[in-house]
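Chain by chain, the residues:
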Amino acid sequence: MILGKSGSGKSTSLRNFAPDEVGVFSVAGKRLPFRSELPMVQHASYQRIAEILAANKRRCYVVDDATYLMQLDNFARARETGYQKFTDMAVSFQQLLQRASWTSEDTNVYFLMHPDTDEAGREKPKTIGKMLDEKLCVEGLFDVILECEVVEGRHVFYTNERGLAKTPLGMFEEQAVKNDLYEVERRLREFWGMAPLGGAR
């Protein structure tokens, strides 16, 4: 998970991927904030994302911005009454997380999300309703969570000891690194003994 407010550099962190190295799902249909030839699925839905992840033809995917899967679904169902719609929305997101976990062991799936705070003031990924927060704990399903922030004019990823940021012991010695998701992917693959994404760069 890459967690950060709007403008903190989440999407910009994709800038160093080659077009054949990553598949990008643009949930809100936004263009990337840099000149790019990266393959994108615009207005990606739960169903479309799940279908492509099931085919698993690439070894790296990015859901940008996964928060909007829930937010846009919520607005689409705004006139529905009762709690069933919140259950349905929570299950849809949980099933997508599960689908991502079923990709091959040589595949990494990144969920870019916005942060929120709960009633106790604790940071969490922004979701819809309480079912995901109280019954699932979304952040607990991720091996790696990077916090994306702007610090003194620099865009960085916090790797640990900041909010929800967490990485396996020894993966990153630095508390903060440049917000370059390609470099993060390279280091994850090196740490876990996965084959590199592409050729020489």
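Residues numbered from 1 in each chain as written. Predicted model: local features only at pLDDT ≥ 70, side-chain atom pairs only at ≥ 80, totals over all residues. Heavy atoms only, no water.

Colleague: Before we move on, could you go through the overall build of the protein chain and cite the residues and values that matter?
Modeller: Within the protein chain, the secondary structure is distributed over five helices and 10 strands. Here the protein chain has a C-alpha radius of gyration of 17 Å; the compact-globule value for 201 residues is 17 Å, and the two agree. Counting only C-alpha atoms, the protein chain reaches 55 × 35 × 30 Å along its principal axes. For the protein chain, contacts bridging at least 24 residues in sequence account for 58% of all contacts bridging at least 6. Of the accessible surface of the protein chain, which amounts to about 11,000 Å², a share of 48% is contributed by carbon and sulfur atoms. (Helix = DSSP H or I, 4+ residues; strand = E, 2+ residues; numbered from the N terminus. Rg over C-alpha atoms; globule rule 2.2 N^0.38 Å. Contact = heavy atoms within 4.5 Å. Areas by Shrake-Rupley, 256 points an atom, 1.4 Å probe, with all protein chains shown as cover.)

Colleague: I'd like a rundown of the pattern of salt bridges, residues and numbers included.
Modeller: Per the counting criterion, the structure on display carries 15 salt bridges. With its nearest N and O atoms 2.7 Å apart, the salt bridge here joins Glu149 to Arg162. With Glu149 in strand S8 (residues 146–151) and Arg162 in the loop between strand S9 (154–158) and strand S10 (176–178), this residue pair connects regions lying 13 residues apart in the sequence. (Salt bridge = Lys/Arg side-chain N within 4 Å of Asp/Glu carboxyl O.)

Colleague: Explain the nonpolar core to me, using residue names and the numbers behind them.
Modeller: Within the largest apolar cluster, 29 residues are counted, with the highest numbers of intra-cluster contacts made by Val63, Phe93 and Phe111. Broken down by secondary-structure element, the contributors of at least two residues to this core are helix H1 (46–55), strand S4 (60–64), helix H2 (67–76), helix H3 (84–101) and strand S5 (108–113). Examining the composition of this core, we find that six residues originate from one element, H3, more than from any other. Filtering out sequence-adjacent residues up to four positions away, Val63 remains in contact with Phe25, Val27, Ile49, Leu69, Val109, Tyr110, Phe111 and Leu112. By size, the runner-up hydrophobic cluster in this structure holds 24 residues, among which are Val24, Leu38, Cys148 and Met171. (Core = buried A, V, L, I, M, F, W, Y, C linked by side-chain atoms within 4.5 Å. Buried < 20%, exposed > 50% of the residue type's maximum accessible area, 1.4 Å probe, protein only.)

Colleague: Report on the pairing of S5, specifying residues and quantitative values.
Modeller: The two faces of a sheet get side chains in turn, since along a regular strand they alternate between them. Extensive coverage of S5 is indicated by the burial of six of its six residues. On S5, burial covers both faces: Asn108, Tyr110 and Leu112 on one face and Val109, Phe111 and Met113 on the other are all buried. With five bridges joining them, S4 and S5 adopt parallel strand pairing. Across the sheet, the residue bridging to Asp64 is Leu112, located in S5. (Pairing = 2+ DSSP bridges.)

Colleague: Would you mind going over H1 in detail, with residue names and values included?
Modeller: For H1, the set of buried residues is Tyr46, Ile49, Ile52 and Leu53. Buried residues of H1, seen end-on, are gathered within an arc of 140° and therefore sit on one face of the element. Considering only its buried residues, H1 is in contact with strand S2 (23–26), strand S3 (40–42), S4, H2, H3 and S5. Two residues or fewer past H1, Asn56 is found with a positive phi of approximately 50°. (Arc of directions from axis to C-beta.)

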